[in-house]
Amino acid sequence: QLPEKQQDAPADVDAFLAALAHPQDATLQRLRAAIRATDPRIGEDIKWNAPSFHLDGRHFATMQLRRPDSVLLVLHLGADRRVLPAGAIADPTGLLTWLGADRATLAFRRPADVEAHQAALQAVLRQWMAHL
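Because the structure is a prediction, the values reported are computed rather than measured. (Residues numbered from 1 in each chain as written. Predicted model: local features only at pLDDT ≥ 70, side-chain atom pairs only at ≥ 80, totals over all residues. Heavy atoms only, no water.)

## Here's the deal with the overall build of the chain
- Looking only at helices and strands, the chain has five helices and six strands in total.
- Helices (α) and strands (β) of the chain occur, in sequence order from the N terminus, as α-α-α-β-β-β-β-β-β-α-α.
- Over its C-alpha atoms the chain spans a radius of gyration of 14 Å, differing by no more than 12% from the 14 Å that the globule rule assigns to 132 residues.
- Along the longest, intermediate and shortest principal axes, the C-alpha atoms of the chain span 40 × 35 × 25 Å.
- Scored against the burial criterion, the 132 residues of the chain give a buried share of 42%. (Helix = DSSP H or I, 4+ residues; strand = E, 2+ residues; numbered from the N terminus. Rg over C-alpha atoms; globule rule 2.2 N^0.38 Å. Buried < 20%, exposed > 50% of the residue type's maximum accessible area, 1.4 Å probe, protein only.)

Below you can see the structure in the form of structure tokens.
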């Protein structure tokens, strides 16, 4: 279990992102809002120099901010190496790019992309979190 401060640390994340001044700030802010709106239990902090999201102390999604033209969201199963069962995540809109049996990514180039795919994103996140 993460300490109380880390379970709900948007001020720390906001300060980190303000200092970062990423060219895709509007996209990543919209993505952060969509992720946190998926479930009120989702917490946020900084991991691997990017916003990372957790549920009950288990990290499941971390942004990758290396590219200036997009924001990548990496879905993972935390520090434990586990494999998702085949067909465990329904992705009818094709948002996911699978990197292995325990990791997938989603890429967003602008805030409108996040808005257009928010319902599908949240459906994928809910399924993913069920495997934590």
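## A word on the pairing of strand 3 (residues 58-64)
- Most of strand 3 is tucked away, with five of its seven residues classed as buried.
- In this sheet, strand 3 lies alongside strand 2 (residues 50-55) in antiparallel orientation, the contact comprising four bridges. In the sheet register, Ser52 faces strand 3, and the bridge partner there is Thr62.
- Taken together, the four bridges between strand 3 and strand 4 (residues 71-75) define a ladder with antiparallel strand orientation. Looking across to strand 4, one finds that Thr62 is bridged to Val74. (Pairing = 2+ DSSP bridges.)

## Some thoughts on the packing of aromatic side chains
- All told, the structure shown has one aromatic pair when counted by the stated rule.
- We note Lys47 situated over the ring of Trp48; from NZ or CZ to the ring centre the distance is 4.6 Å. (Phe/Tyr/Trp six-rings, centres within 6.5 Å; stacked < 30°, edge-to-face > 60°. Lys NZ or Arg CZ within 6 Å of the ring centre and 35° of its normal.)

## Observations concerning the nonpolar core
- Leu31, Phe60, Met63, Leu73, Leu75 and Leu121 are the most contacted members of the largest nonpolar core, which has 31 residues in total.
- At the level of elements, helix 2 (10-20), helix 3 (25-38), strand 2, strand 3, strand 4, strand 6 (103-108) and helix 5 (118-129) are the ones that each hand at least two residues to this core.
- Ranked by residue count, the leading element in this core is helix 5, at five residues. (Core = buried A, V, L, I, M, F, W, Y, C linked by side-chain atoms within 4.5 Å.)

## What to know about helix 3
- Between its first and last C-alpha, helix 3 extends 20 Å over 14 residues, near the 20 Å set by a 1.5 Å rise per residue.
- The set of residues buried in helix 3 consists of Thr27, Leu28, Leu31, Arg32, Ala34, Ile35 and Thr38. With its buried residues spanning 165 degrees around the axis, helix 3 presents them on a single face. (Expected span 1.5 Å × (residues − 1). Arc of directions from axis to C-beta.)

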